[in-house]
Amino acid sequence: MLKQFLKNPVKTGALCASSPLLSKTMTEDISIEKAKSVVELGPGTGAVTRHIIKSISNETVFFAVELNEEFLHILKEKFPDVKFYNDTAANLNLMASAEGLSNIDVIVSGLPWASFSPQLQEELLSAITKSLSPGGIFTTFAYLQGMLLPSAWNFKKLLNKHFSVVAKSHVVWRNIPPAFVYRCRK
Ligand SMILES: C[S@@+](CC[C@H](N)C(=O)[O-])C[C@H]1O[C@@H](n2cnc3c(N)ncnc32)[C@H](O)[C@@H]1O
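Please read all numbers here as calculations on a predicted model, not as lab measurements.

**Some remarks on the packing of aromatic side chains**
Both the distance between ring centres and the angle between the ring planes are used here to describe each pair of aromatic rings. The tally for this structure, following the rule as stated, stands at 8 aromatic pairs. Ring centres of phenylalanine 63 and tyrosine 85 lie 5.3 Å apart, and the angle between their planes is 70°; on these two criteria the pair is classed as edge-to-face. Taken together, the residues span a long stretch of sequence, with phenylalanine 63 in strand E2 (residues 61-65) and tyrosine 85 in strand E3 (residues 83-85) at a distance of 22 residues. The exposure class of phenylalanine 63 is buried, given its relative accessible area of 0%.

**Overview of the environment of isoleucine 107**
Relative to the helices and strands, isoleucine 107 is located in strand E4 (residues 104-109). With 63 residues separating them in the primary sequence, isoleucine 107 and glycine 44 have C-alpha atoms 15 Å apart. Once residues within four sequence positions are removed from consideration, isoleucine 107 is found in contact with Val39, Leu41, Leu92, Ile128, Leu132, Ile137, Phe138 and Thr139.

**Here's the deal with the site of the ligand**
Around the ligand, the structure places 23 residues, and the nearest of them are Lys11, Ser18, Gly42, Glu66 and Ala89. Between serine 18 and the ligand, the recorded distance is 2.5 Å, taken from a side-chain N or O atom to an oxygen atom. Leucine 67 is positioned such that a nitrogen or oxygen atom in its backbone is 3.4 Å from a nitrogen atom of the ligand. With the chains in place, 97% of the 600 Å² that the ligand exposes on its own is no longer accessible. Per-class residue counts for the shell around the ligand are 13 nonpolar, 7 polar and 3 charged.

Here is what the cut-offs are and how they apply
- Residues numbered from 1 in each chain as written.
- Predicted model: local features only at pLDDT ≥ 70, side-chain atom pairs only at ≥ 80, totals over all residues.
- Heavy atoms only, no water.
- Phe/Tyr/Trp six-rings, centres within 6.5 Å; stacked < 30°, edge-to-face > 60°.
- Helix = DSSP H or I, 4+ residues; strand = E, 2+ residues; numbered from the N terminus.
- Buried < 20%, exposed > 50% of the residue type's maximum accessible area, 1.4 Å probe, protein only.
- Contact = heavy atoms within 4.5 Å.
- Near = heavy atom within 4 Å.
- Polar contact = N/O pair within 3.5 Å; in protein donor to acceptor, adjacent residues only side chain to side chain.
- Areas by Shrake-Rupley, 256 points an atom, 1.4 Å probe, with all protein chains shown as cover.
- Nonpolar A, V, L, I, M, F, W, Y, C, P; charged D, E, K, R; others polar.

Here is the structure:
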């Protein structure tokens, strides 16, 4: 993760992978075990992917979307049974259609929102809300220190615009850096 961050800090957005506790918090309290379809955006090296696989049922359709080709090689080796797309999350509806899904029940995101421009935040959130089922859940994390940045506040404003419910988890201190999780309902 550090190597990829040094190569492309904006797209990678983190110096190290999410801790087991943050990854677990990402998949908790969203009834993921009942979802018929789950998508992960920006799995990186698969810290959260591992928890998603453990939590979903055998019947759940699950795929993940990762832009970075080097991460993709690692993911395919770690999780040979999972379908990965090497694409941008902005094309989510095309990938959902290719998987035979008209919409998605749960979207778990590791995308580095605070590194993105307001335009990219809007483009990606629009693609996400378009693909979500009515009442569907979107979950993502934010670094506590990142809340000093205007881009992080812009993202929070956009969450309130796109979702009917936006809730925050407790702070996960056992993560570098400490973070919290947004849980949003369409
Ligand atoms: C902060 S890392 C999170 C990695 C992992 N989910 C974790 O928590 O450890 C962000 C990931 O999002 C990916 N990414 C950035 N922009 C993307 C986009 N538009 N579409 C898909 N993946 C993207 C990066 O390549 C990187 O793997």
